[in-house]
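# Summary of structural features
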Amino acid sequence: MAIVSRGFRGRRDQSVPLPPGQYVVKDFPVLSAGPTPRVQLDRWTFTITTEAGAEHAWTWEQFRALPTERFTVDIHCVTKWSKLDTSWEGVSLDTLLAGVDTSASFALVASYGGYTTNLPLADLRGGTAWVAHRFEGADLEPKHGGPARLLVPHLYLWKSAKWVRGFSLHAEDQAGFWETLGYHMYGDPWREQRYWGD
Ligand SMILES: Nc1nc2c(c(=O)[nH]1)N[C@H]1C(S)=C(S)[C@@H](COP(=O)(O)O)O[C@H]1N2
Ligand SMILES: [Mo]
(Lines give C-alpha, C1' and ligand atoms only; values in the text may rest on other atoms or scores of the structure.)
(Ligands and ions follow the chains in the order given, each with its own letter.)
Protein backbone atom coordinates (compact mmCIF):
# COMPACT_ATOMS: atom_id res chain seq x y z
CA MET A 1 0.00 0.00 0.00
CA ALA A 2 3.03 2.27 -0.35
CA ILE A 3 1.41 4.22 -3.19
CA VAL A 4 -1.38 5.44 -0.94
CA SER A 5 -0.54 9.04 -0.24
CA ARG A 6 0.43 9.87 3.29
CA GLY A 7 -2.56 12.05 3.93
CA PHE A 8 -5.15 9.54 2.71
CA ARG A 9 -7.26 8.17 5.48
CA GLY A 10 -10.31 7.05 3.61
CA ARG A 11 -12.59 9.00 5.84
CA ARG A 12 -15.65 11.12 5.25
CA ASP A 13 -13.82 14.42 5.66
CA GLN A 14 -10.19 14.22 4.68
CA SER A 15 -9.58 17.78 5.76
CA VAL A 16 -9.78 16.68 9.39
CA PRO A 17 -6.19 15.94 10.37
CA LEU A 18 -4.92 13.12 12.53
CA PRO A 19 -3.28 14.01 15.87
CA PRO A 20 0.51 14.33 15.58
CA GLY A 21 2.47 11.06 15.50
CA GLN A 22 -0.59 8.84 14.94
CA TYR A 23 -1.26 6.33 12.13
CA VAL A 24 -4.57 4.76 11.12
CA VAL A 25 -5.45 1.11 11.73
CA LYS A 26 -8.40 -0.83 10.35
CA ASP A 27 -8.41 -3.57 12.99
CA PHE A 28 -9.19 -2.93 16.64
CA PRO A 29 -6.12 -3.74 18.76
CA VAL A 30 -6.65 -4.97 22.32
CA LEU A 31 -4.58 -3.26 25.01
CA SER A 32 -5.18 -4.54 28.51
CA ALA A 33 -2.82 -4.26 31.47
CA GLY A 34 -4.13 -7.54 32.91
CA PRO A 35 -6.58 -10.36 32.28
CA THR A 36 -10.12 -9.62 31.11
CA PRO A 37 -12.26 -9.51 34.25
CA ARG A 38 -15.55 -11.39 34.23
CA VAL A 39 -18.37 -9.15 35.37
CA GLN A 40 -21.75 -10.79 35.84
CA LEU A 41 -24.53 -8.41 34.89
CA ASP A 42 -26.57 -9.19 38.01
CA ARG A 43 -23.59 -8.09 40.13
CA TRP A 44 -22.54 -5.13 37.97
CA THR A 45 -22.95 -1.66 39.38
CA PHE A 46 -21.80 1.76 38.27
CA THR A 47 -21.13 4.16 41.14
CA ILE A 48 -20.28 7.84 41.27
CA THR A 49 -18.92 8.85 44.68
CA THR A 50 -18.75 12.56 45.44
CA GLU A 51 -16.09 14.36 47.48
CA ALA A 52 -18.65 14.44 50.31
CA GLY A 53 -18.99 10.65 50.18
CA ALA A 54 -22.43 10.56 48.57
CA GLU A 55 -22.87 7.51 46.34
CA HIS A 56 -24.97 7.47 43.19
CA ALA A 57 -25.22 3.87 42.00
CA TRP A 58 -26.93 2.09 39.13
CA THR A 59 -27.49 -1.61 38.70
CA TRP A 60 -27.18 -2.96 35.15
CA GLU A 61 -30.97 -2.89 34.85
CA GLN A 62 -31.12 0.72 36.03
CA PHE A 63 -28.22 1.71 33.78
CA ARG A 64 -29.87 0.11 30.76
CA ALA A 65 -33.10 1.97 31.48
CA LEU A 66 -31.30 5.31 31.01
CA PRO A 67 -31.52 7.07 27.66
CA THR A 68 -28.67 6.13 25.33
CA GLU A 69 -26.91 7.94 22.52
CA ARG A 70 -25.31 6.65 19.34
CA PHE A 71 -22.10 8.38 18.39
CA THR A 72 -19.29 7.97 15.88
CA VAL A 73 -15.82 9.07 16.92
CA ASP A 74 -12.12 8.66 16.17
CA ILE A 75 -10.09 6.98 18.92
CA HIS A 76 -6.38 7.56 19.55
CA CYS A 77 -4.08 5.25 21.48
CA VAL A 78 -0.86 6.56 23.00
CA THR A 79 0.97 3.66 21.28
CA LYS A 80 0.22 5.67 18.09
CA TRP A 81 -2.64 3.84 16.43
CA SER A 82 -5.84 5.71 15.68
CA LYS A 83 -9.08 4.14 14.57
CA LEU A 84 -11.45 6.38 12.64
CA ASP A 85 -15.23 6.53 12.61
CA THR A 86 -15.90 3.98 15.34
CA SER A 87 -19.57 3.81 16.22
CA TRP A 88 -20.84 3.22 19.70
CA GLU A 89 -23.92 3.34 21.85
CA GLY A 90 -23.87 4.37 25.47
CA VAL A 91 -25.12 6.63 28.20
CA SER A 92 -23.78 10.19 28.24
CA LEU A 93 -21.91 11.17 31.39
CA ASP A 94 -24.15 14.26 31.41
CA THR A 95 -27.06 11.90 32.07
CA LEU A 96 -25.19 10.07 34.84
CA LEU A 97 -23.99 13.34 36.43
CA ALA A 98 -27.36 15.12 36.21
CA GLY A 99 -28.35 14.43 39.82
CA VAL A 100 -24.84 14.57 41.28
CA ASP A 101 -24.15 17.56 43.51
CA THR A 102 -20.43 18.26 43.45
CA SER A 103 -17.93 21.07 43.37
CA ALA A 104 -15.01 18.74 42.66
CA SER A 105 -12.78 19.31 39.65
CA PHE A 106 -11.32 15.82 39.08
CA ALA A 107 -12.48 12.25 38.63
CA LEU A 108 -10.58 9.09 39.46
CA VAL A 109 -12.14 6.33 37.34
CA ALA A 110 -12.07 2.71 38.53
CA SER A 111 -12.57 -0.54 36.66
CA TYR A 112 -13.42 -4.10 37.57
CA GLY A 113 -10.00 -5.72 37.67
CA GLY A 114 -8.35 -2.80 39.43
CA TYR A 115 -7.39 -0.42 36.61
CA THR A 116 -7.71 3.28 37.36
CA THR A 117 -7.30 6.50 35.37
CA ASN A 118 -7.81 10.18 36.13
CA LEU A 119 -9.19 13.16 34.27
CA PRO A 120 -10.84 16.51 34.95
CA LEU A 121 -14.56 16.29 35.64
CA ALA A 122 -15.10 18.94 32.93
CA ASP A 123 -13.86 16.40 30.36
CA LEU A 124 -16.72 14.09 31.31
CA ARG A 125 -19.33 16.80 30.77
CA GLY A 126 -20.66 18.60 27.74
CA GLY A 127 -21.51 15.60 25.56
CA THR A 128 -17.88 14.45 25.31
CA ALA A 129 -17.91 11.20 27.30
CA TRP A 130 -20.04 8.10 27.58
CA VAL A 131 -20.34 4.78 29.35
CA ALA A 132 -20.59 2.66 26.22
CA HIS A 133 -22.08 -0.82 26.11
CA ARG A 134 -22.44 -1.35 22.32
CA PHE A 135 -19.83 -1.16 19.56
CA GLU A 136 -20.60 -1.27 15.83
CA GLY A 137 -24.12 -2.51 16.50
CA ALA A 138 -23.29 -5.37 18.87
CA ASP A 139 -22.83 -5.76 22.60
CA LEU A 140 -19.33 -4.62 23.52
CA GLU A 141 -16.99 -7.61 23.61
CA PRO A 142 -15.33 -8.40 26.96
CA LYS A 143 -11.84 -7.86 25.52
CA HIS A 144 -12.80 -4.30 24.55
CA GLY A 145 -14.32 -3.55 27.95
CA GLY A 146 -17.75 -5.18 27.95
CA PRO A 147 -20.21 -5.09 29.52
CA ALA A 148 -19.43 -1.36 29.53
CA ARG A 149 -16.48 0.97 29.22
CA LEU A 150 -15.84 4.63 29.58
CA LEU A 151 -15.30 6.38 26.27
CA VAL A 152 -13.64 9.81 26.25
CA PRO A 153 -12.50 10.04 22.64
CA HIS A 154 -10.93 13.52 22.84
CA LEU A 155 -8.25 12.14 25.19
CA TYR A 156 -5.80 9.28 24.57
CA LEU A 157 -7.60 5.97 24.86
CA TRP A 158 -5.96 4.90 28.13
CA LYS A 159 -8.42 7.35 29.77
CA SER A 160 -11.30 5.25 28.38
CA ALA A 161 -11.42 2.70 31.18
CA LYS A 162 -12.65 -0.74 30.10
CA TRP A 163 -14.93 -2.70 32.49
CA VAL A 164 -15.69 0.60 34.18
CA ARG A 165 -17.34 0.40 37.60
CA GLY A 166 -17.51 4.08 38.44
CA PHE A 167 -15.51 7.05 39.56
CA SER A 168 -14.85 9.15 42.62
CA LEU A 169 -14.73 12.95 42.63
CA HIS A 170 -11.92 14.98 44.17
CA ALA A 171 -10.70 18.55 44.58
CA GLU A 172 -7.18 17.48 43.51
CA ASP A 173 -6.06 15.44 40.51
CA GLN A 174 -4.92 11.95 41.57
CA ALA A 175 -2.81 9.81 39.26
CA GLY A 176 -4.33 6.56 38.00
CA PHE A 177 -2.56 3.37 36.86
CA TRP A 178 -0.67 4.59 33.79
CA GLU A 179 -0.39 8.14 35.09
CA THR A 180 1.55 6.82 38.09
CA LEU A 181 3.89 5.02 35.66
CA GLY A 182 4.74 8.11 33.62
CA TYR A 183 1.79 8.77 31.34
CA HIS A 184 0.49 12.31 31.13
CA MET A 185 -2.03 13.49 33.72
CA TYR A 186 -4.28 14.93 30.98
CA GLY A 187 -3.41 13.15 27.70
CA ASP A 188 -4.58 15.42 24.88
CA PRO A 189 -3.63 13.67 21.62
CA TRP A 190 -3.76 16.97 19.68
CA ARG A 191 -1.05 18.39 21.96
CA GLU A 192 0.74 15.02 21.99
CA GLN A 193 0.62 14.78 25.78
CA ARG A 194 1.85 11.20 26.00
CA TYR A 195 4.18 11.23 29.01
CA TRP A 196 5.18 13.36 31.98
CA GLY A 197 6.73 16.58 30.72
CA ASP A 198 5.05 16.50 27.28
N1 LIG B 1 -9.65 -1.53 32.63
C2 LIG B 1 -8.78 -1.19 31.67
N3 LIG B 1 -9.10 -0.22 30.83
C4 LIG B 1 -8.24 0.14 29.86
C5 LIG B 1 -6.98 -0.47 29.75
C6 LIG B 1 -6.67 -1.49 30.66
O7 LIG B 1 -5.58 -2.07 30.64
N8 LIG B 1 -7.59 -1.83 31.62
N9 LIG B 1 -6.10 -0.07 28.78
C10 LIG B 1 -6.29 1.28 28.24
C11 LIG B 1 -5.50 1.50 27.06
S12 LIG B 1 -3.85 1.80 27.28
C13 LIG B 1 -6.06 1.54 25.82
S14 LIG B 1 -5.17 1.99 24.45
C15 LIG B 1 -7.46 1.17 25.61
C16 LIG B 1 -7.52 0.00 24.67
O17 LIG B 1 -8.84 -0.35 24.40
P18 LIG B 1 -9.07 -1.61 23.49
O19 LIG B 1 -8.37 -2.77 24.13
O20 LIG B 1 -10.54 -1.77 23.39
O21 LIG B 1 -8.42 -1.27 22.16
O22 LIG B 1 -8.13 0.80 26.81
C23 LIG B 1 -7.76 1.54 27.94
N24 LIG B 1 -8.60 1.14 29.02
MO1 LIG C 1 -3.15 2.67 25.18
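Structure: above.
The structure contained in this document is the topic of the report that follows. These numbers come from a predicted model, not from an experiment.

What counts as what
Residues numbered from 1 in each chain as written. Chains lettered and ligands numbered in written order. Predicted model: local features only at pLDDT ≥ 70, side-chain atom pairs only at ≥ 80, totals over all residues. Heavy atoms only, no water. Core = buried A, V, L, I, M, F, W, Y, C linked by side-chain atoms within 4.5 Å. Buried < 20%, exposed > 50% of the residue type's maximum accessible area, 1.4 Å probe, protein only. Helix = DSSP H or I, 4+ residues; strand = E, 2+ residues; numbered from the N terminus. Contact = heavy atoms within 4.5 Å. Salt bridge = Lys/Arg side-chain N within 4 Å of Asp/Glu carboxyl O. Pairing = 2+ DSSP bridges. Axes fitted to C-alpha atoms, helices over the stretch in contact; angles between N-to-C directions. Near = heavy atom within 4 Å. Polar contact = N/O pair within 3.5 Å; in protein donor to acceptor, adjacent residues only side chain to side chain. Areas by Shrake-Rupley, 256 points an atom, 1.4 Å probe, with all protein chains shown as cover. Phe/Tyr/Trp six-rings, centres within 6.5 Å; stacked < 30°, edge-to-face > 60°.

Attention now goes to the nonpolar core. If you look at the biggest cluster of nonpolar residues, it comprises 36 residues, and the most contacted ones within it are Phe46, Ile48, Leu93, Leu96, Leu124 and Phe167. Mapped onto this core, the elements with two or more residues apiece are strand E2 (45–49), helix H1 (60–64), helix H2 (93–97), strand E6 (106–111) and strand E11 (164–170). Excluding its chain neighbours within four sequence positions, the residues that come into contact with Leu96 are Phe46, Ile48, Trp58, Leu66, Val91 and Val131.

Turning to the pattern of salt bridges, a few remarks are in order. Applying the stated criterion to the full structure yields six salt bridges. Across the pair Arg134 and Asp139 runs a salt bridge, and its minimum N-O distance is 2.8 Å. Using a relative accessible area of 25% as the deciding quantity, one classes Arg134 as partly exposed. Here Asp139 falls in the exposed class, since its relative accessible area comes to 56%. For Asp188, the salt bridge identified is with Arg191, shortest N-O distance 2.9 Å.

On to the pairing of E11. Along a regular strand, successive side chains alternate from one face of the sheet to the other. Of all seven residues in E11, six are buried; the element is thus mostly enclosed. One ladder, built from three bridges, connects E2 with E11; its direction is parallel. Residue pairing for E11: Thr47 is matched across the bridge by Gly166. Note that E6 and E11 share six bridges and pair antiparallel. Its bridge partner being in E11, Val109 is matched across the sheet by Phe167.

Turning next to the sheet that holds strand E7 (residues 116–120). Reading across from one edge, E3-E2-E11-E6-E7 is the order of the five strands in this open sheet, with mixed pairing throughout. The open sheet has two edge strands with one neighbour each: strand E3 (55–59) and E7. The average angle at which neighbouring strand axes cross in this sheet is 15 degrees, direction not considered.

In this section: the site of ligand 1. Neighbouring residues of ligand 1: 19 residues in total, closest Pro29, Ala33, His144, Arg149 and Lys162. One of the side-chain nitrogen or oxygen atoms of Ser111 is found 3.3 Å away from a nitrogen atom of ligand 1. A distance of 2.7 Å separates an oxygen atom of ligand 1 from a polar side-chain atom of His144. In isolation ligand 1 exposes 530 Å². Once the protein is present, 97% of that is buried.

Taken as a whole and assessed by the stated rule, the structure comprises 17 aromatic pairs. Ring geometry for Phe28 against Trp88: centres 6.3 Å apart, planes inclined by 90 degrees, an arrangement best described as edge-to-face. Remark: Trp88 occurs in strand E5 (residues 81–92) and Phe28 occurs in the loop between strand E1 (23–24) and E2; sequence separation between them is 60 residues. An identical accessibility class is assigned to Phe28 and Trp88; each is buried.

Looking now at the pairing of E5. For E5, the buried fraction is high: ten of the twelve residues fall into the buried class. One ladder, built from two bridges, connects E1 with E5; its direction is parallel. Of the residues in E5, the one forming a bridge with Val24 is Ser82. The pairing of strand E4 (residues 69–76) with E5 spans seven bridges and is classified as antiparallel. Paired with His76 across the strands is Ser82, a residue of E5. Adjacent in sequence and paired antiparallel, E4 and E5 are bridged by four residues, among which Lys80 carries a positive phi angle near 95 degrees. For E5 and strand E8 (residues 130–135), the ladder comprises five bridges, and the chain directions are antiparallel. The partner of Trp88 across the bridge, within E8, is Phe135.

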